Amino acid sequence: MSSADQISPDPVIAETVAYIALRRLQNRYADIVTRRAWPELHDIMRPDCTITVDLLDRSLDFDGPGPIGEFIGTQLEQFDFFEFVILNTVIDIDATAGTASARMYMQEARQNADDGRRSDTYGVYHDRFERDGDGRWWFARRRYRSYARTNPEGGGADLTVFDLPDIPLSEID
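Residues numbered from 1 in each chain as written. Predicted model: local features only at pLDDT ≥ 70, side-chain atom pairs only at ≥ 80, totals over all residues. Heavy atoms only, no water.

Observations regarding the packing of aromatic side chains
Definition in use: Whether two aromatic rings pair depends on their centres lying within 6.5 Å, for rings of Phe, Tyr and Trp, where Trp uses its six-membered ring; planes under 30 degrees apart make the pair stacked, over 60 edge-to-face, and the rest tilted. Think of it this way: any DSSP run of H or I at least four residues long counts as a helix, any run of E at least two long counts as a strand, and we number them from the N terminus.
If you walk through the whole model with that rule in mind, you get nine aromatic pairs. Centre to centre, the rings of tyrosine 29 and phenylalanine 84 are 5.4 Å apart; their planes meet at 85°, and the pair counts as edge-to-face. Of this pair, tyrosine 29 sits in helix α1 (residues 11-35) while phenylalanine 84 sits in strand β3 (residues 79-94), and the two are 55 residues apart along the sequence. Here phenylalanine 129 and phenylalanine 139 contribute two aromatic rings whose centre-to-centre distance is 5.1 Å and whose plane-to-plane angle is 45°, an arrangement assigned as tilted. Taken together, the residues phenylalanine 129 in strand β5 (residues 118-131) and phenylalanine 139 in strand β6 (residues 137-150) connect sequence positions 10 residues apart.

A closer look at the nonpolar core
Our working definition: By nonpolar core we mean a set of buried residues, namely Ala, Val, Leu, Ile, Met, Phe, Trp, Tyr and Cys, connected to one another through side-chain atoms within 4.5 Å. Any residue under 20% of the maximum accessible area for its type is buried, any over 50% is exposed, and the rest in between are partly exposed; the area is computed with a 1.4 Å probe on protein chains only.
Ranked by internal contacts, the top residues of the largest apolar core, which has 38 residues, are Tyr29, Met45, Ile68 and Phe84. Secondary structure elements with two or more residues in this core: α1, β1 (45-54), α2 (65-76), β3, β4 (99-112), β5 and β6. Here this core gets eight residues from one element, more than from any other, and that element is α1.

Remarks on the environment of glycine 73
In this structure, glycine 73 sits in helix α2. The sequence separation of glycine 73 and valine 33 amounts to 40 residues, and the corresponding C-alpha distance is 8.5 Å.

Quick notes on the pattern of salt bridges
Once their charged atoms are close, side chains differing in charge can pair, the charge on each being opposite to the other. Which entries qualify depends on this criterion: Just to be clear on terms, a salt bridge is a Lys or Arg side-chain nitrogen sitting within 4 Å of an Asp or Glu carboxyl oxygen.
By the definition in use, this model includes 11 salt bridges. The residue arginine 35 makes a salt bridge to glutamate 40 at a minimum N-O spacing of 2.6 Å. Overall, the relative accessible area of 24% leaves glutamate 40 in the partly exposed class. Between glutamate 108 and arginine 110 there is a salt bridge, and its shortest N-O distance comes to 3.1 Å. Connected through salt bridges with shared partners, the residues Arg28, Asp31, Arg35, Glu40 and Asp43 form a single ionic network.

Considerations on the side chain of glutamine 107
The line we're drawing: Polar contacts, as used here, are pairs of N or O atoms within 3.5 Å; protein pairs need one atom able to donate a hydrogen and one able to accept it. Residues neighboring in sequence count only if both atoms are side-chain atoms. Between two residues, a contact is recorded if the distance between any of their heavy atoms is within 4.5 Å.
With respect to the helices and strands, the residue glutamine 107 is situated in strand β4. Residue glutamine 107 is classed as buried on the basis of its relative accessible area of 12%. At a separation of 3.4 Å, a polar atom in the side chain of glutamine 107 contacts the side chain of tyrosine 122. Setting aside residues up to four positions removed in sequence, glutamine 107 forms contacts with Glu83, Phe84, Val85, Leu87, Arg118, Asp120, Thr121 and Tyr122.

A few points about the environment of glycine 135
Within the secondary structure, glycine 135 is located in the loop between β5 and β6. Of the residues examined, glycine 135 reaches a relative accessible area of 25% and is grouped as partly exposed. In sequence terms glycine 135 and alanine 18 are 117 residues apart; their C-alpha atoms lie 9.4 Å from each other.

Examining the pairing of β6
Within a regular beta strand, the side chains point alternately toward one face of the sheet and then the other, so they alternate between its two faces. Where we set the bar: Note on pairing: two strands pair once DSSP finds at least 2 bridges between them.
With 12 of 14 residues buried, β6 is to be regarded as a mostly interior element. Across 11 bridges, the pairing between β5 and β6 is antiparallel. In the strand pairing of β6, glycine 123 is matched with serine 146. Hairpin connection, β5 to β6: the antiparallel pair is bridged by five residues, and glycine 135 has positive phi, about 90°. Taken together, the three bridges between β6 and strand β7 (residues 159-161) define a ladder with antiparallel strand orientation. Bridging from a neighbouring strand, alanine 148 pairs with valine 161 of β7.

None of this, on its own, says anything about what the molecule does.
If you want it as structure tokens, here you go:
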């Protein structure tokens with residue numbers, strides 16, 4: 001019997017179990033990025049997971065955990081300190097169907113390698129999750145967008161703030 005066959009018939013319990021598994025998945029992503037452990041992305045993202053990164057001045061699409069790990073790894077070379085922090089998350093779960101969608105707000109706490117200056121970025125992920133036949137949850141689709149970032153020194157306000165994207169959970173595919 002697979003673990004998917006063992007899902008509780010009580011919908012409240014099934015949703016709670018799924019919520020805990022999904023939060024563990026999000027926390028694992030934050031840990032992987034903070035440690036720069038790119039091969040581990042293969043353990044949490046489906047091989048066909050598509051990722052869109054909207055940096056406001058450009059939008060990039062990636063297919064699978066390998067290409068997104070390479071991109072993020074290259075971007076993080078400019079920091080001698082980096083930590084990915086989950087600030088808040090909201091998850092809509094259909095435990096029976098084995099699907100979920102989430103909005104995850106995050107911060108990157110960083111220190112520039114070249115000048116030692118602290119910088120921060122704030123963003124939001126809109127995620128689609130799928131559970132496989134063994135009951136394991138995976139990232140199936142991710143969309144990231146920045147909504148604030150530290151200005152260069154002497155640039156006026158500490159942060160440039162952008163419109164916060166708000167995709168209803170029911171529309172995340």
